[in-house]
Structures are given as C-alpha cells and as structure tokens.
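Summary of the model geometry
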Amino acid sequence: MPTLAEIQAAKALIRPHIHETPAYRWPLLEAELGCEVWLKHENHTPVGAFKIRGGLVYMDELKRQNPEVKGVIAATTGNHGQSIAFAARQHGLRAVIVVPHGNNPEKNAAMRSLGAELVEHGGQFQEALEYSRELAARDGLHAIPSFHPWLVRGVATYGLELFHAVKNIDVVFVPIGLGSGFCGVTAAREALGLKTRIIGVVSEHAAAYALSFQQKQFVEQTSTTRVAEGVACKTPNKDALEHVLRHAHDVVTVSDDEAVTAMREIIQATHNIAEGAGALAYAALKKQCTAWQGKRVACVLTGGNASMAMIKRALNA
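Residues numbered from 1 in each chain as written. Predicted model: local features only at pLDDT ≥ 70, side-chain atom pairs only at ≥ 80, totals over all residues. Heavy atoms only, no water.

1. Overview of the packing of aromatic side chains
What counts, and what does not: Centre distance within 6.5 Å is the pairing criterion for rings of Phe, Tyr and Trp, where only the six-membered ring of Trp is used; planes under 30 degrees apart are then read as stacked, over 60 as edge-to-face, and the remainder as tilted. What counts as a helix is a DSSP run of H or I of at least four residues, what counts as a strand is a run of E of at least two, and both are numbered from the N terminus. Burial here depends on accessible area, computed with a 1.4 Å probe over protein chains only, as a share of the maximum for the residue type. Under 20% is buried, over 50% is exposed, and the range in between is partly exposed. In this scheme, the term charge over a ring applies when either NZ of a lysine or CZ of an arginine sits within 6 Å of the ring centre and within 35 degrees of the ring normal.
Counted under the stated rule, the structure contains three aromatic pairs. Ring plane angle 90 degrees and centroid distance 5.9 Å describe the contact between Tyr-24 and Trp-26, whose orientation is recorded as edge-to-face. Taking the centre distance of 5.8 Å and the plane angle of 75 degrees together, the rings of Phe-50 and Tyr-158 count as edge-to-face. Of this pair, Phe-50 sits in the loop between β2 (36–41) and α3 (51–65) while Tyr-158 sits in helix α7 (residues 149–165), placing them 108 residues apart in sequence. As far as the burial class goes, Phe-50 and Tyr-158 line up, both buried. One Lys or Arg, Lys-238, reaches over the ring of Phe-218 and ends 5.1 Å from the middle of that ring.

Structural data, given as structure tokens:
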C-alpha cells in the first residue's frame, strides 16, 4: 500500500493532466434508499474512467527506471487501454493494446484516437492477456499489467480526493475488476487513518473475487457478463486478493439486469453516463440499502464509457 506522502506525490504528478473529479450528493438517487448518497465521478476524467490516474503514474515511473523503453503493451477491455495509450502519448512511446473480439466498439475507437495500435485476439480478456504476453516477448515491448503497485499509487488519488471532499463517510462501494480501484480506496483510507468501511462489487457473472472472499481462498470463475466488461475477471490477482480479504467489509454481486437498471437510474437522476461496470457500486447499494439506513454512503462511478447500444438498452430498462 502506498503511503500518504506517495499518494500526495502521485496527485501532484497527475494534476497537470486531470482536474479533481467531483463528488456530488444526488437526492434523486437517495430518495427511496434511506441514506445519504454521494457519487465520485471518475467518468469526468479525460478518458472517462479512473484508470488514467494509474496509467500516468506507471508511465512516469517506467520512464525514470527504464529511460530506453521504446514501447508498451497491455491487454484490456477498454479503460486500462485508454489510460495506457493516453500516458504513452505524453511520453512519446509506442502503445500496443490487445482486446478480445467483440469488445466495446466505442472504447476501441477511443484507444485508436489516442494513438494506440489495436490488436484483436480471443473471445475473452484472459485470451487477450495471454496473447499480449506473446507479443511483448516477440516485439520487445514492456508489458503493463492491469494490477501493479504503481497503478494503485495513482488510483489512490481518487480515494484521497473523495475522503477530503466528503467527511465522515460510513461506507464506500467500489467495483472490483482486477483490484486497483478497491486497493486505491483502501490505501487512501489507511493513509488517512479512517474507519470507513469498503465494500467491493463484482458482476455475478464474473464472480471470482466474490467467491474468493466468501471462501477465503483463491478461486477462479469464468466471466460471462455481457454488460460489465470492465470487471470481466476470471482470475483474481493474488496481491489484490490479499488486500480484499484483509480490508473488505463485504463483496457484493450484481446481475447484468441490475447493472442496466442502475445505469438508467443514474442517467435519469444525474444526467451522467455510467458504463455497466461503473454502475455496479450504486446497484450494490440498492441491494444493501437496508443495512445503511441514515448513513453517509459513497459510490464510485468508475467509468462512463458505455457503448451506444448499451446506453439504448439502459434507457429502455
């Protein structure tokens, strides 16, 4: 876990590229929940998701430790790839991004617009990840994982912003993909010495972290989600899982239908777009709202990069 000084240094590093994202209280969302609801709007970053924070910190560290690096490669379903493409362009580096076939077309277009060379391979993230490792070895590219301490250090800056903006939060709901978001919030909480509870959220169709949390051991589970591609994790990261097991108050699952309904409600109440994974935190709060009556609750809207097809589906939910 990064220290408070390290998180603050990361905040100074990313500030020229990212303004502090807002945390807003939304009475229309909380009207029937019986609790005070705040959304942390990571959909307001230059790539529409929180991942950019980690990408910038990682790339800065990489260039300082390996100034001869010529290019990087990463596997993604979109937001991690956008963050790497954005950060690589700031440093004049080649960025190759591997995505599974059928990936969100708008995310693909966004990565290309940031200068990434896009490669499509396999039907799921895990296949794209394995192929990216082959390309890294073949082409001499530095492989950037989806979870790494440097990424967590950058991501922790949104946790620091949230806890400074909204005092005395009782619980934060945060989606878990491979774990940098959860660990970032946890790092900020620990650095500030707070008692806020943290609840991880996954898709019930990609439940590896939830099953691992329930069984207190590493569990793999094939992902079948068609809505929350940002958390389509089959294989938990063992380092991230260690922190989830140690620090999570709970890990909640959300169905694709529940995620789509949450997307619609967020659009209706806040006029913000939440992608499927980005809506999970609010969807999970709805399922657990009786446990948080009268409490101050924050939900991390981790990204807003929904495809037009998914937005149409959400509007009709």
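2. A closer look at helix α4 (residues 79–90)
Test applied: Between the first and last residue of a helix there are one fewer steps than residues, each counted as 1.5 Å, and that sum is the expected span. Here, two residues are considered to be in contact whenever any of their heavy atoms come within 4.5 Å of each other.
With 12 residues, α4 extends 17 Å between its outermost C-alpha atoms, agreeing within 8% with the 16 Å of an ideal straight helix rising 1.5 Å per residue. Buried residues dominate α4, accounting for 10 of its 12 residues. Elements that come into contact with the buried residues of α4 comprise α3, β3 (71–75), β4 (94–99), α5 (105–113) and α7. A positive phi of about 70 degrees marks Gly-92, the residue just after α4.

3. Thoughts on the environment of Lys-287
This is how it is decided: Throughout this description, a polar contact denotes any pair of N or O atoms lying within 3.5 Å of each other; where both atoms belong to protein, one of them has to be capable of donating a hydrogen while the other can accept it, and for residues adjacent in sequence the pair is counted only when both atoms sit in side chains.
Following the sequence through the fold, Lys-287 ends up in helix α12 (residues 280–288). With a relative accessible area of 41%, Lys-287 lands in the partly exposed category. Residues Lys-287 and Leu-33 lie 254 residues apart in sequence; the distance between their C-alpha atoms is 9.6 Å. Not counting chain neighbours up to four residues away, the residues in contact with Lys-287 comprise Thr-253, Val-254 and Glu-258. Among the polar contacts listed, one links the side chain of Lys-287 to the backbone oxygen of Thr-253, at a separation of 2.9 Å.

4. As for the sheet that holds strand β7 (residues 171–175)
Cut-off, in case you're wondering: Paired strands, as defined in this entry, are two strands with at least two bridges between them according to DSSP. Lines are fitted to the C-alpha atoms to define the axes, a helix being fitted only along its stretch in contact, and any angle between axes, read from their N-to-C directions, falls within 0 to 180 degrees.
Ordered by their spatial adjacency, six strands build an open sheet running β1-β2-β10-β7-β8-β9, and the pairing between neighbours is mixed. Two strands close off the open sheet at either side, each with one partner strand: β1 (23–25) and β9 (250–254). Taking each pair of neighbouring strands and ignoring which way they run, the sheet shows an average axis angle of 25 degrees. Pairing of β7 with strand β10 (residues 296–301), which is carried by three bridges, proceeds in the parallel orientation. Note that in β10 the partner of Phe-173 across the bridge is Cys-299.

5. Structural notes on the side chain of His-41
In this structure, His-41 sits in strand β2. At 3.0 Å, the side chain of His-41 and the side chain of Trp-26 are in polar contact. Filtering out sequence-adjacent residues up to four positions away, His-41 remains in contact with Thr-21, Pro-22, Tyr-24, Trp-26, Asn-272 and Leu-301.

6. A short note on the side chain of Glu-275
Turning to its location among the elements, Glu-275 is positioned in the loop between α11 (256–270) and α12. Each residue touching Glu-275, except ones within four places of it in the same chain, is listed here: Asn-79, Lys-107, Glu-229, Met-263, Gly-303, Gly-304, Asn-305 and Ala-306.

7. A closer look at helix α9 (residues 208–215)
Structurally, the α-helix is built with 3.6 residues per turn, so residues lying three or four positions apart point the same way. The complete set of buried residues in α9 reads Ala-208, Tyr-209, Ala-210, Ser-212 and Phe-213. Close packing links the buried residues of α9 with β8 (197–203), α10 (238–247) and β9. Downstream of α9 by one or two residues, Lys-216 has phi in the positive range, about 60 degrees.

8. Topic: the nonpolar core
The condition that has to hold: We define the nonpolar core as a collection of buried residues of types Ala, Val, Leu, Ile, Met, Phe, Trp, Tyr and Cys that are connected through side-chain atoms lying within 4.5 Å of one another.
In terms of nonpolar packing, the biggest core is built from 43 residues, with Val-172, Phe-182, Tyr-209 and Val-244 touching the most fellow members. What Val-172 contacts, discounting residues up to four positions off in sequence, is Leu-162, Phe-163, Val-185, Thr-196, Arg-197, Ile-198, Ile-199, Ala-298 and Val-300. Within the second largest apolar cluster, 39 residues are counted, among which are Phe-173, Leu-280, Ala-306 and Ile-311.

9. Description of the sheet that holds β3
Sheet architecture is open: four strands sit in the order β5-β4-β3-β6, paired in parallel fashion. Each of the sheet's edge strands pairs with one partner strand only, and the pair in question is β5 (117–120) and β6 (142–143). With four bridges joining them, β4 and β5 adopt parallel strand pairing. By the bridge assignment, Ile-97 is partnered in β5 with Leu-118. Against the sheet, α5 engages β4 and β5, with an angle of about 145 degrees to β5.

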